[in-house]
Amino acid sequence: MRSARLLRRFGLVLVPAVLIAAAGVSLSGASFERADAAFCNGAEPSSLDPQQGTGMPETRLVRALYEGLVVSDPRTGMPIPGMAESWSTSADGLTWTFRIRAGSRWTDGAEVTAHDFAFAWERLLDPRTGAQYADLLFVVRGARAWAEDVGEDGAPTRTFASNVAITALDARTFVVGLEHPVDHFLALAVAAPLVPVSRHALEAARARWPDRWQVEWTKPEHSVTNGPFRLVERRINDRIRLAKHEGYWDADEVAFRTLDVLASEHLATNLNFYLTGEVAYLDEVPVSAIPRLRGREDYRPAPYLGSSFFRVNVAKPPLDDVRVRRALALAIDRQEIADKITKAGELPSFSLVPKLFAGWTGAELRRSGSLADDLDEARQLLTEAGYGPTRPLPPIELHFASQATNKDVCEVIADFWRKELGITARLRNQEWKVYLDAQRRLEYDISRSSWIADFADPATFLEVFAPGADNSRTGWSDARYGDLLERARRAREPERFAILAEAEALLLTELPILPVYTFTVTSLVDPRLGGFHANPLDDHCPKFWYWKPDAELAESRAGNDPAIREVESHGPREGLLSPAEQRRRASR
Amino acid sequence: MTRFLLRRLAWAALTVLAVASISFVLMRNVRGGPFDSERRASAAVEKNLRERYRLDWPTWKQFAAYVGPFELGEHGPAFLGGDGTDTFGGVLAGDFGPSLQYRDASVNDLLAQSLPISAALGFLALSWALAVGITAGIVSALRRGTTLDVALRITATTGIALPNFAIAGVLVLLFAFVWPILPVAGHGSWRHLVLPSLALGAPFAAYIARLTRTGMLEALGEDWIRTAHAKGLPPRLVVTRHALRAGIQPVISYLGPAAAGVLTGSLVIERIFAIPGTGSHFVNSALNRDYALAMGVTILYTALVCVLNLLVDVVQASLDPRIALEDES
């Protein structure tokens, strides 16, 4: 009884006390000064290690923390000098020599050298790194063979330096030899996994924490980066605080002293963050909000290098008949899907490759003209294939992952097929990873899919369906297609685009995929945020961002369509310019 | 008392072990793996990743290595050092291993960062739920049948019926947009916890109000209450010192499940308010097939629920002289 009384006295006090302490701990050091700017970055990045990263959240952070040989011009999207101040190509197009900028520093003060690039690229290729994007460098001479020839322990059996044409001649000369001439090599070099990592910092981390350096070296207190910003604090699923990196070669042109990167996946929450001025930019809004955002000056939908299509299991009857596939491809009301379901003004697509590359026309699904004509042809094709009212097409399953608008899109298509072609199409909904697994095992009829460009070139789409490629997942393997791609790999511009277009034409004749639309990003951007430009890769480097002062804001608004609704900005009225820009404006 | 505690703790340990082993096996048999993605890595890269996280081992061996600090690797830890992954110390050594999804963090890091936040949120939610719920319950019971009672009961029923995300939506609309006095979401100060804890606690407050009302009504009808009144005790004292102590018993028993409910139920609220708590790991780890993190959260939650239930039993015994812990043997 005495113990019970003791418990009564202390237990009741102790439990809340522990919880209050926990509350205190959870909030201690939790509040930050408001950063100069913040943006929503979607899911928590899986890694800040540039070679390990995969998706958009990781890429956006790499753009802030690191800088590669070249970066995209925010206006034109063309590669402009980054860590490489200049470059040259040999006459045969096989050797690229990059001159690394002198005086650019890592956050620990050391100079960025060509050796850091060689080290990072080797690391990307090494299968032990587990880098999803290792294949970006397979255009480099010897790279693929080196990465794929591994011993029992998973380590490459051959030495890197003597087998792969990636060389740091000296601290400032970085030389890359290619298998074939690659005229779009700079577009590839922009890719986030190709940024350098600090060789000395990583080697020191490996020596200091032999069995847990991966966890340690990306922590803010140990992180060493070379980009416009450095890592100050990271709270998983909350925010990453960045601060301007003063040792960055172009620091004078960076306006923001601090920048917050918010990790939050819930689209409605992100929209709320934006509407209350917590963030200046977010890249996706809920579809249900689009009709109300349309016409606002800060709602900036833009076509995106992503293709929405259906994979077709070409091994499975009746879909093994190309006439059936073609009938189905023709009988999709793409405009209706864009207008009623996805709503962001997606461009109806009749090709795999979005028509968003300079100089690229590509191929299209052959059509007779209007949708009505297409439907006539579709019915005709089904009749030719032996299907009709007396012998209907066996039921087809539309397979999709339970996310966003997938279900609605599939319903519209199934309904249309039923009405127009008399086809029974059932919907099969699976959780994301199960869906991926089913797709990989070809356990589907027709499966909703998408592909996002890794870099700004049509090959990033067309290579997906190369015979034997890891991500084809349609059962389609056509030697003619493989030959065309191989020819394209060896060709120079403009011949290369012509061959790629030929490959796409073949793909759209054989139809292992049914194209639907080209993605649109639905960004919200504070009207005062300067240096932000929509581009097809949706690649934004916060290095270029600044707050427009009142005068500039008024000026940029003057050019707006009068139908566009102005909205209140949450940025500072006096603006925030980079030191260099401040001087330039003062002297004017 | 000590024997009781020891026995309960032993049972708790068994429960955790059972839950852990079942989850471990179930999880590895769910379709799809941690490295499945729209853009798959090459076969060589994937093979290395599987080896790094020992997914190429038979399940029993993975489990043994997971539970205990046994070194079962053929290549030794140096192999794992190939790209710097935390070696697995084993749960018994307090090491939940590396997360498969967040490659920069160990499961220990992730839990240490998120649990205090979830605990703070849950504590606030439960505190106000108790304060408001008990008060409303008492008032309801004392004013039985009046308009006030009916109003409180309707509110309570609504609170139970409404899912917490609906309440969250209304709260955000009211206090972040219409009358912007609180942040719309996020984490960083006590102000960020107000709306989420209100939304999270609302259904519990409502339920507690109903439990208290029922408990109080029953207690107020007891003979010893009449005795207390007859002895001339002021009504306030009769209620607070005598009736409440008995009437609140159902609420105390409910505290265990409620605490567990607040913890596991916070995942929706954490998502809506972008709170970096354990709830989001609970969901995302399953979706990402992040086996290590999912196991970590499962074990942690199981242990917490066991401990909370034990605490409730102890508190209950200390409040009600009729319950003696020793008697259970």
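To be clear, the structure that these remarks concern was listed above.
Draft legend 1. Main features of the overall build of chain B. A count of helical and extended segments in chain B gives 13 helices and zero strands. When its helices and strands are written in sequence order, chain B yields α-α-α-α-α-α-α-α-α-α-α-α-α. A principal-axis box enclosing the C-alpha atoms of chain B has dimensions of 85 × 60 × 30 Å. Burial statistics for chain B: of 329 residues in total, 53% are counted as buried. Considering only contacts within chain B whose residues lie at least 6 apart along the sequence, 70% involve residues at least 24 apart.

Draft legend 2. Structural view of the packing of aromatic side chains. Considering all chains together, one arrives at 27 aromatic pairs over all chains under this definition. Geometry around Phe350(A) places Arg367(A) over its ring, the cationic atom sitting 3.9 Å from the centre. Geometry around Phe24(B) places Arg28(B) over its ring, the cationic atom sitting 3.8 Å from the centre.

Draft legend 3. Main features of the sheet that holds strand S5 (residues 95-100) of chain A. Residues and elements named next belong to chain A. Spatially, S4-S5-S7-S6 is the arrangement adopted by the four strands of the open sheet, whose pairing is antiparallel. The open sheet has two edge strands with one neighbour each: strand S4 (84-89) and strand S6 (166-170). Going across the sheet, the axis of each strand differs from the next one's by a mean of 20°, ignoring polarity. Note: S5 against strand S7 (residues 173-177), five bridges, orientation antiparallel. Of the residues in S7, the one forming a bridge with threonine 95 is glycine 177. Along the sheet face, helix H3 (residues 114-125) touches S5, S6 and S7 and points at about 165° away from the line of S6.

Draft legend 4. Here's a closer look at unusual backbone geometry. Residues and elements named next belong to chain A. For the bond running from proline 317 to proline 318, omega is 0°, close enough to zero to count as cis. Mapped onto the secondary structure, proline 318 falls in the loop between strand S12 (299-312) and helix H11 (322-330). The peptide bond linking glutamate 493 to proline 494 adopts the cis configuration, its omega dihedral lying at 0°. Within the element layout of this structure, proline 494 appears in the loop between helix H17 (479-490) and helix H18 (495-510). Even without being a glycine, aspartate 538 presents a positive backbone phi close to 50°. Here aspartate 538 is to be found in the loop between strand S18 (529-530) and strand S19 (546-547).

Draft legend 5. Representation of a nonpolar patch on the surface in the model. A cluster of nonpolar residues, Leu275(A), Val170(B), Leu173(B), Leu174(B), Phe177(B), Val178(B), Trp179(B) and Ile181(B), forms a patch on the protein surface that exposes about 730 Å² of accessible area. For the nonpolar patch, the element with the highest residue contribution is helix H7 (residues 164-178) of chain B, accounting for five residues. Considering the arrangement of structural elements, one finds Leu173(B) in helix H7. A relative accessible area of 52% places Leu173(B) in the exposed class.

Draft legend 6. Spotlight on helix H11 (residues 249-272) of chain B. Here H11(B) contains 24 residues, and its C-alpha end-to-end distance of 34 Å stays within 8% of the 34 Å for a straight helix at 1.5 Å per residue. The largest bend along H11(B) measures about 40° and falls at Ser266(B).

Draft legend 7. View of the nonpolar core. Of all hydrophobic cores here, the largest spans 82 residues; its most connected members are Trp121(A), Ile166(A), Phe174(A), Leu242(A) and Phe256(A). A per-element tally of this core places H3(A) first, with eight residues. The residues contacting Phe256(A), other than those within four sequence positions of it, are Asp36(A), Ala37(A), Phe229(A), Lys244(A), Leu529(A), Trp545(A), Tyr546(A), Trp547(A) and Leu576(A). If you look at the next biggest cluster of nonpolar residues, it comprises 64 residues, including Leu195(B), Val251(B), Ile272(B) and Ala274(B).

How each quantity is defined
Residues numbered from 1 in each chain as written. Chains lettered and ligands numbered in written order. Predicted model: local features only at pLDDT ≥ 70, side-chain atom pairs only at ≥ 80, totals over all residues. Heavy atoms only, no water. Helix = DSSP H or I, 4+ residues; strand = E, 2+ residues; numbered from the N terminus. Buried < 20%, exposed > 50% of the residue type's maximum accessible area, 1.4 Å probe, protein only. Contact = heavy atoms within 4.5 Å. Phe/Tyr/Trp six-rings, centres within 6.5 Å; stacked < 30°, edge-to-face > 60°. Lys NZ or Arg CZ within 6 Å of the ring centre and 35° of its normal. Pairing = 2+ DSSP bridges. Axes fitted to C-alpha atoms, helices over the stretch in contact; angles between N-to-C directions. Patch = residues over 30% accessible without salt bridge, like charges linked within 9 Å, V, L, I, M, F, W, Y side chains within 5 Å. Areas by Shrake-Rupley, 256 points an atom, 1.4 Å probe, with all protein chains shown as cover. Salt bridge = Lys/Arg side-chain N within 4 Å of Asp/Glu carboxyl O. Expected span 1.5 Å × (residues − 1). Bend = angle between axes of the 7 residues up to and from the residue. Core = buried A, V, L, I, M, F, W, Y, C linked by side-chain atoms within 4.5 Å.

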